[in-house]
Structures are given as structure tokens and as C-alpha cells.
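Coordinate analysis (summary)
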Amino acid sequence: QPVADRMRALCRVHGAVSPALAGIESFTERLIGTLERHLAAGSAAGGGPQPYLLGGVPCRADFALYGPLWAHLYRDPHSRAMFDGAPHVVRWFERLHGHAADAAFTQLAARDATAAPAST
């Protein structure tokens, strides 16, 4: 019970209160829908579904978006239904979650090491 009480208090601190819930849910549904369309559309050159956000190999953007969606929404039985109409997003989760078995991940470290620094 003490942990649940602390979590409820954090909801208030972060603005997740009753008047805001409809907006939060609406935003999340639009985000999942946009991500589904993006992954389903695929690359113009390759034709089929796009396996990762920016093409055929994962990048940091994949993990930045995957982390909170997987941990806070998909794993929660109360919000998992939001992904019922997003099979490409679910497969994207599975690819990222099982990254150790994906050959594309051997390229990630090499690509990140040669990437130019971001401009500020």
C-alpha cells in the first residue's frame, strides 16, 4: 500500500489527473496510430513494412520511443488494448525487445561510432 500511495501522489505531480486523462489518452492513441502507419508504410525503395523508425537498422530514436511505450503502456494490462489495432507497432516492440538475436544490432554500435555529432 505505501508504494501505491506514492505512485498516486506522483500522478498529481506529473499532471496525470482526471481533467487531463482524456487528453493524455487521445494523444497516446494518435501517437500509436501515427507510429503504426509509419512502420506499415515501409520505405519507398524497399516496398514492405519498415522494420525500424528510420529504415532497416535500429537507431537511438527507436529505443527512445520504445522504452516508455513498452514499459508504461504495452506491459500494463489496462492499456495494452491501445495496441490492438497496431500490429506493426507490436512487431516493432518484439524486434527491439529481442534485439540480441537481430543481426541489425551488430551494425548499431559501428554506425553510432562513426556518426557525426548532433548540432546544437
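Structure first, text after, so check above.
Scope of this entry: the structure provided in the associated data block.

How each quantity is defined
- Residues numbered from 1 in each chain as written.
- Predicted model: local features only at pLDDT ≥ 70, side-chain atom pairs only at ≥ 80, totals over all residues.
- Heavy atoms only, no water.
- Axes fitted to C-alpha atoms, helices over the stretch in contact; angles between N-to-C directions.
- Helix = DSSP H or I, 4+ residues; strand = E, 2+ residues; numbered from the N terminus.
- Parallel < 35°, antiparallel > 145°, perpendicular 65-115°, else oblique.
- Contact = heavy atoms within 4.5 Å.
- Phe/Tyr/Trp six-rings, centres within 6.5 Å; stacked < 30°, edge-to-face > 60°.
- Buried < 20%, exposed > 50% of the residue type's maximum accessible area, 1.4 Å probe, protein only.
- Lys NZ or Arg CZ within 6 Å of the ring centre and 35° of its normal.
- Expected span 1.5 Å × (residues − 1).
- Polar contact = N/O pair within 3.5 Å; in protein donor to acceptor, adjacent residues only side chain to side chain.
- Patch = residues over 30% accessible without salt bridge, like charges linked within 9 Å, V, L, I, M, F, W, Y side chains within 5 Å.
- Areas by Shrake-Rupley, 256 points an atom, 1.4 Å probe, with all protein chains shown as cover.
- Salt bridge = Lys/Arg side-chain N within 4 Å of Asp/Glu carboxyl O.

**So, the packing of helix α2 (residues 18-41) against helix α4 (residues 87-97)**
Here α2 crosses α4 at 80 degrees, and the two axes come no closer than 7 Å. With respect to α4, the element α2 is oriented roughly perpendicular. Across the interface between the two elements, I32, L35, E36, L39 and A40 from α2 touch P87, H88, V89 and W92 from α4.

**Some points on the packing of aromatic side chains**
Across all of its chains, the model carries 10 aromatic pairs by this definition. Taken together, a centroid distance of 5.8 Å and an interplanar angle of 80 degrees make the contact between W70 and F93 edge-to-face. Residue W70 is found in helix α3 (residues 60-74), and its partner F93 is found in helix α4; the two are separated by 23 residues along the sequence. Each member of the pair, W70 together with F93, is buried. Among the aromatic residues, those joined into a cluster by ring pairs are F63, Y66, W70, Y74, F83, W92 and F93. Sitting above the plane of the Y74 ring, R80 keeps its charged end 4.0 Å from the centroid. Across from the ring centre of Y52, 5.6 Å away, lies the NZ or CZ of R95, which sits over that ring.

**A look at the environment of L31**
Relative to the assigned elements, L31 resides in helix α2. The spatial distance from the C-alpha of L31 to the C-alpha of L69 is 10.0 Å, given a sequence separation of 38 residues. Residues contacting L31, with those up to four places away along its chain left out, are L65 and L69.

**Describing α2**
Taking 1.5 Å of rise per residue, 24 residues should cover 34 Å, and α2 covers 35 Å from first to last C-alpha, within 8% of that figure. Along α2, the residues that are buried comprise T28, I32, G33, L35, E36 and L39. In the core, the buried residues of α2 are packed alongside α3 and α4.

**Thoughts on the side chain of T28**
Note on placement: T28 falls in helix α2. According to the relative accessible area criterion, T28 is buried, its value standing at 10%. A polar contact of 2.8 Å, which involves the side chain of T28, links it to the backbone oxygen of I24. Setting aside anything within four residues of it in sequence, one finds T28 in contact with L73 and M82.

**So, a nonpolar patch on the surface**
Judged by side-chain polarity, V3, M7, L10 and V13 come together as a nonpolar surface patch covering roughly 390 Å² of accessible area. Mapping L10 onto the fold places it in helix α1 (residues 2-13). Residue class for L10 comes out partly exposed when judged on its relative accessible area of 39%.

Purely geometric numbers; function is a separate question.
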